[in-house]
Structures are given as C-alpha cells and as structure tokens.
Amino acid sequence: MDEIYNLLLLKAEIKNGTYRFSGYINFTVPLPKERVINAPHYRDKVIQLAINNVLKQIYQPKFIYDTYACLDDKGTHRCVKRIQHFMRKAKWEYGDSATIVKIDVEKFFYSIVREILKELIAQTIKDKETLDLIYLIIDSADEIDILGMPLGNTISQLCANIYLNIVDQYAKRNLGLKYYVRYMDDIIIIVENKERAKEVLELIRKQVETKLGLKLNDNKSKTFPIAQGVNAMGFKIYTTHMLLRNDSKKRIKQKLRKLKDLLIEEKITIEKAEQILNSWYGHAKQANSYAFVQSLLQRFDYIEVVEKKSNGKIKKIMKIKRGVIEDARIQRALSA
C-alpha cells in the first residue's frame, strides 16, 4: 500500500509542479578505476527511470547505428565485434596502410557543459513542462560542481549519448567516415592511411572543443597502424583474433584470491560468487582466452568449468567446488 501511495503522491507532485529533487548520496567505487558516484535517492530514481524510458524511444532512432553504450540491444560485446569487423573490412580495402584513430574525451562525465546539453535536448523536446522537469534534474548537479553530469543519475548515460551524438553525426555526415564506432566517450575509427588519420583526429578535436566545450585526452587520443591492434572495452582487438587485456587478467586474479576467503568466512554466498564468476567468464569467452582460463583453474582449486544444458543447448559455466570450500571451513574451525 505504501508503494502505491508514494507513487500517487509523486505523480501528483509532477503534475502540479511541486516536485523537488532530494539531493545526492555520495560514495566511491575503486574498480575498474576509482570514481566518485553521486546517486539520487530512491524516489528521484523512479522519476528518472520513467523519463529515461520515454526519452530513449525518442532518441535511439536519432543516433547512428554504431554507438553502443547504454542502449537497448547494444553493449560492449557487440561493440568489440563491430570494431573487429570494421578492422577486417578496412584491412581488405586499404591494405597495410590502414590506420586506426583512437579518441578518448578527458574527464567526460565531469566536463559536460550543462547549458549546451539543455540546448541540445530542447532541439528535440518541445513540451515546456517536460523540459522543466528534465532541466530540474540536470541543474541538480549544481550542488556538485559547475560542470558535469553525476554518474549515479539514471538519465546521465542517455544525456551523454545525446551530447556526443553531435560528434557522431559530424563524423558520418560531414567527414564520411565508414569505419567509425563509439562506446560512450571512447571512439575508434579506421581510415586509409596515417595522413588521413592525423587529419581526422584534429578535425574531431576541433569539433569536440568548439561545439561541446570538451577536451580530448592527449595521452589516449592517438593514431597507429592497424597491425598494432587496438585496446577497447577490456580487449586487445586484432583483425585475426582478440585477447583479454593484461589489466583485465590482473583484476580477475585479485578477485579470485579474495573470493575464496569470503566464501570460507561466509561473507558471500556460493550463488553470488558464481554470478560474479560467470559475468566475467561470459566476457572472457568473447576473446581467445582458453589458455588463460585453464591457468586459473590450475591455480585456484575451488573453481571449475562445467557443461550445462539450457534451452536445448550445451554451454560452459563456472562453478564453485562446494566440497573444497566446506573442507576449508572445517580446517579453519579446527585450527581456531
């Protein structure tokens, strides 16, 4: 009953214009790199989810096909496969002179100019009450900093895609780039040679700076031969194969070392541990990772890979060896 009452109350606040944002809950996440998360309260999440569900239906058809972050039926795995597909096509078309342009926006979420974002949204959304509500959420970030969108806001990812759609459209319509892929603020382009690559990098740099008030990360924005492969979304991608990146391997080793102790101390359930493992394993299976997975199985005695039948198909999953964990718990109890 409380849920229904609170939803009706929230609906009334939206309709009569008395809804006010409740502020942020702040915390830090350490991996994959340390970030400060500013998360809205639950009632504000409900509002943002409703807005996001409507806006994504309006905006997704306006985006280019080859943008993959936080969109329905997209994601990292589709993105890396598309990058490899484009690399193969470019290698076939341009030969060994094919050159990759890799672009990264410096402190992207923290640098978004909110006034520019609001202008971009107003080009599509014309209803004043709807705009006022969206602006209320965007302007709530004023309590955090003068620039940027909070990572914890549900609509921040969609707003980020709206923002960088300016670059996507410029790349496709003005520059005519065939082999162009974006995953949030990471952009991969393949062109015919290094001269064209340098030209494209500088043209997009100018677009990012003049139209969006952003800067490229000079350490991560560069050009290099296609034979060198490209690091993206946790993989090292080549035309012929794909590998897990070394930092991805390092993180799973660290996690596996900690996970066994957590299981023995019953600070995590076996079901939750298997969920974590299979999330990573699903990622790893996209690459040529068989030898690395086998090395993990030899090194960590409490995990195994088994076959499971699902919807008439056989697939491999990671499991916790319950007997190993139970024996370790007994040993710890006896030595206490």
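My aim in this report is to walk through the structure given alongside it, one point at a time.

Reading the values: rules and limits
- Residues numbered from 1 in each chain as written.
- Predicted model: local features only at pLDDT ≥ 70, side-chain atom pairs only at ≥ 80, totals over all residues.
- Heavy atoms only, no water.
- Phe/Tyr/Trp six-rings, centres within 6.5 Å; stacked < 30°, edge-to-face > 60°.
- Buried < 20%, exposed > 50% of the residue type's maximum accessible area, 1.4 Å probe, protein only.
- Helix = DSSP H or I, 4+ residues; strand = E, 2+ residues; numbered from the N terminus.
- Contact = heavy atoms within 4.5 Å.
- Pairing = 2+ DSSP bridges.
- Axes fitted to C-alpha atoms, helices over the stretch in contact; angles between N-to-C directions.
- Lys, Arg positive; Asp, Glu negative; His and termini not counted.
- Salt bridge = Lys/Arg side-chain N within 4 Å of Asp/Glu carboxyl O.
- Polar contact = N/O pair within 3.5 Å; in protein donor to acceptor, adjacent residues only side chain to side chain.
- Patch = residues over 30% accessible without salt bridge, like charges linked within 9 Å, V, L, I, M, F, W, Y side chains within 5 Å.
- Areas by Shrake-Rupley, 256 points an atom, 1.4 Å probe, with all protein chains shown as cover.
- Charge placed at Lys NZ, Arg CZ, Asp CG, Glu CD.

**Digging into the packing of aromatic side chains**
Under the criterion given, the structure shown has 7 aromatic pairs. Here Tyr59 and Phe63 contribute two aromatic rings whose centre-to-centre distance is 6.3 Å and whose plane-to-plane angle is 20°, an arrangement assigned as stacked. When sorted by exposure, Tyr59 lands in the same class as Phe63, which is buried. Each ring, one from Trp280 and one from Phe292, has its centre 6.1 Å from the other, and the planes form 65°; the classification is edge-to-face. Taken together, the residues Trp280 in helix H10 (residues 270-284) and Phe292 in helix H11 (residues 290-299) connect sequence positions 12 residues apart.

**Here we look at the environment of Leu120**
With respect to the element layout, Leu120 can be found in helix H5 (residues 114-122). Distance from Leu120 to Tyr163, taken between C-alpha atoms, is 7.2 Å for residues 43 residues apart in sequence. The residues touching Leu120, leaving out its near neighbours within four places in the chain, are Tyr59, Ile162, Tyr163, Ile166 and Leu212.

**Details of the pairing of strand S3 (residues 99-104)**
Consecutive side chains along a regular strand alternate between the two faces of the sheet. The buried fraction of S3 amounts to 6 of the 6 residues, a majority that puts the element mostly inside the structure. Every second residue of S3 is oriented toward a common face, with Thr99, Val101 and Ile103 on one face and Ile100, Lys102 and Asp104 on the other, all of them buried. Two strands pair when backbone bridges link them, and S3 and strand S5 (residues 186-191) are joined in this way by 6 bridges, in the antiparallel orientation. Counted as the bridge partner of Ile103 is Ile187 from S5.

**Describing the side chain of Asn165**
Its location among the elements puts Asn165 in helix H7 (residues 156-174). Residues in contact with Asn165, not counting those within four places in the same chain, are Lys62, Phe63, Ile64 and Arg182.

**With respect to the sheet that holds strand S8 (residues 235-237)**
Taken in spatial order, the 3 strands make up an open sheet running S7-S8-S9, and their pairing is antiparallel. Each having just a single partner strand, strand S7 (230-232) and strand S9 (242-244) make up the two edges of the open sheet. Between one strand axis and the next, the sheet turns by 30° as a mean value, whatever way the strands run. Of the strand pairs in this sheet, S7 and S8 are connected by 3 bridges, and their pairing is antiparallel. The residue of S8 that forms the bridge with Asn231 is Lys236.

**Structural notes on the sheet that holds strand S6 (residues 222-225)**
Taken in spatial order, the 4 strands make up an open sheet running S4-S5-S3-S6, and their pairing is antiparallel. One side of each edge strand has no neighbouring strand; the edge strands of this open sheet are strand S4 (179-183) and S6. Across the sheet, the axes of successive neighbouring strands diverge by a mean angle of 15°, strand direction being ignored. Across 4 bridges, S3 lies against S6 in antiparallel orientation. The residue of S6 that forms the bridge with Thr99 is Pro225. Against the sheet, helix H3 (residues 76-94) engages S3, S4 and S5, with an angle of about 160° to S4. Of the strands in this sheet, S4 and S5 are in contact with H7, which crosses S4 at around 175°.

**Structural notes on the environment of Met318**
Tracing the sequence through the fold places Met318 in strand S11 (residues 313-320). Residue Met318 is classed as buried on the basis of its relative accessible area, which comes to 1%. Sequence-distant contacts of Met318, that is, excluding residues within four places in its chain, are made with Glu274, Leu277, Asn278, Trp280, Tyr281, Val293, Ile303, Glu304 and Val305.

**Here we look at the environment of Ile14**
Inspection of the secondary structure assignment puts Ile14 in helix H1 (residues 2-16). Separated by 33 residues in sequence, Ile14 and Ile47 have C-alpha atoms that sit 9.0 Å apart. With residues near it in sequence (within four places) discarded, Ile14 still touches Tyr19, Ile47 and Leu133.

**A few points about the side chain of Lys102**
Topologically, Lys102 is positioned in strand S3. In this structure, Lys102 is buried with no salt-bridge partner, the nearest side chain bearing the opposite charge being Asp186 at 6.2 Å. Of the polar contacts made by the side chain of Lys102, one reaches the backbone oxygen of Asn231; its length is 2.7 Å. Discounting chain neighbours no more than four positions away, the residues touching Lys102 are Ile187, Ile188, Lys220, Ser221, Lys222, Phe224, Val230 and Asn231.

**Some points on a positive patch on the surface**
Among the surface-exposed residues, Lys285, Lys308, Lys315 and Lys316 lie close enough to one another that they form a single positively charged patch. The residue Lys308 is located in strand S10 (residues 303-310) in this model. The exposure class assigned to Lys308 is partly exposed, which follows from its relative accessible area of 43%.

**Here's the deal with the pattern of salt bridges**
Under the definition given, this model contains 21 salt bridges. Here Arg82 ties to Asp66 by a salt bridge, and the two come within 2.7 Å at their closest N and O atoms. Of this pair, Arg82 sits in helix H3 while Asp66 sits in the loop between helix H2 (42-59) and H3, placing them 16 residues apart in sequence. The exposure class assigned to Arg82 is partly exposed, which follows from its relative accessible area of 24%. The class for Asp66 is buried, based on a relative accessible area of 5%.

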